[in-house]
Amino acid sequence: MTIKASCHCKATTFEVSQAPETVTQCTCSFCSKRGSLWAYYVPSQFKLTSPAKNVSVYLWGSKTVKHGFCAICGCGTFTETPDWSTGKPDFDNPKISVNSRLFDDFDLDKVEVVVIDGKNLW
């Protein structure tokens, strides 16, 4: 089941290969201010369907995570990151986290929200 997504102005579009079972609400300063609900995928499950030039990147802290946003309207779109499941970056196992609030024609209210304490974890 392919799910399409778009930013507010539709200049940045992407799709994922399946619906998320859960989405993550992170309490770190960046995610809290952004208001994203993250769905996680491996790169083969993600496809940018608009020109790459429409995506700008913000790097902060360790500069290992590429936080994407639409260069036109500013919506936070997706993040390219190493796998952090062990607490350390695994660059051989990259992940794409997408802002599931941008999914088109998808009932996000039916997906469980998992809260992680990013405010105190990093």
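Residues numbered from 1 in each chain as written. Predicted model: local features only at pLDDT ≥ 70, side-chain atom pairs only at ≥ 80, totals over all residues. Heavy atoms only, no water.

Draft legend 1. Layout of the side chain of Glu15. Summarising the element assignment, Glu15 is placed in strand β2 (residues 13-16). By relative accessible area, which is 19% here, Glu15 ends up buried. Apart from residues no more than four positions distant in its own chain, Glu15 is found in contact with Thr2, Ile3, Lys4, Gln45, Phe46, Lys47 and Thr49. (Helix = DSSP H or I, 4+ residues; strand = E, 2+ residues; numbered from the N terminus. Buried < 20%, exposed > 50% of the residue type's maximum accessible area, 1.4 Å probe, protein only. Contact = heavy atoms within 4.5 Å.)

Draft legend 2. Representation of the packing of aromatic side chains. Taken as a whole and judged by the stated rule, the model has 6 aromatic pairs. Look at Phe103 and Phe106: their rings are 5.4 Å apart centre to centre, the planes differ by 80°, and that puts the pair in the edge-to-face class. Among the residues examined, Phe103 registers a relative accessible area of 8% and is labelled buried. Of the residues examined, Phe106 reaches a relative accessible area of 21% and is grouped as partly exposed. An aromatic cluster of at least three residues, connected via ring pairs, comprises Phe14, Phe46 and Phe78. (Phe/Tyr/Trp six-rings, centres within 6.5 Å; stacked < 30°, edge-to-face > 60°.)

Draft legend 3. Inspection of the side chain of Thr24 at higher detail. With respect to the secondary-structure elements, Thr24 resides in strand β3 (residues 22-26). What makes Thr24 buried here is its relative accessible area of 9%. Ignoring anything within four residues of it in the chain, the contact list for Thr24 reads Ser36, Leu37, Trp38, Tyr40, Val114 and Ile116.

Draft legend 4. Structural detail: the nonpolar core. One finds Phe14, Val16, Phe46, Phe78, Val98 and Phe103 to be the most contacted residues of the largest nonpolar core, which totals 17 residues. Taken together, the elements giving at least two residues each to this core come down to β1 (3-6), β2, β4 (38-41) and β9 (90-99). Here Val16 is in contact with Met1, Thr2, Ile3, Tyr41, Gln45, Phe46, Val98 and Phe103, once residues within four sequence places are set aside. Core analysis: the next-biggest nonpolar cluster, separate from the first, contains 5 residues, Cys26, Cys28, Cys31 and Trp38 among them. (Core = buried A, V, L, I, M, F, W, Y, C linked by side-chain atoms within 4.5 Å.)

Draft legend 5. Structural detail: the pattern of salt bridges. Here the structure, examined in full by the defined rule, presents 2 salt bridges. A salt bridge links Glu15 to Lys4, with the shortest nitrogen-to-oxygen separation between them at 3.9 Å. Taken as a pair, Glu15 in strand β2 and Lys4 in strand β1 lie far apart in primary sequence, 11 residues in all. (Salt bridge = Lys/Arg side-chain N within 4 Å of Asp/Glu carboxyl O.)

Draft legend 6. Molecular detail of the layout of surface pockets. Within this model, the second largest pocket holds a volume of roughly 160 Å³. Around the second largest pocket sit 13 residues that line it, and Thr64, Lys66, Glu80, Thr81 and Pro82 are the ones nearest its centre. Where the lining of the second largest pocket is concerned, the elements lending two or more residues are β8 (76-83) and β9. For the lining of the second largest pocket, the element with the highest residue contribution is β9, accounting for 4 residues. Counted by class, the lining of the second largest pocket contains 7 nonpolar, 2 polar and 4 charged residues. (1 Å grid on protein atoms, 1.4 Å probe; cavity = no way out; pocket = protein on both sides within 12 Å on 5 of 7 lines; lining within 4 Å. Points joined across faces, edges and corners; volume = space filled by probe spheres on them. Nonpolar A, V, L, I, M, F, W, Y, C, P; charged D, E, K, R; others polar.)

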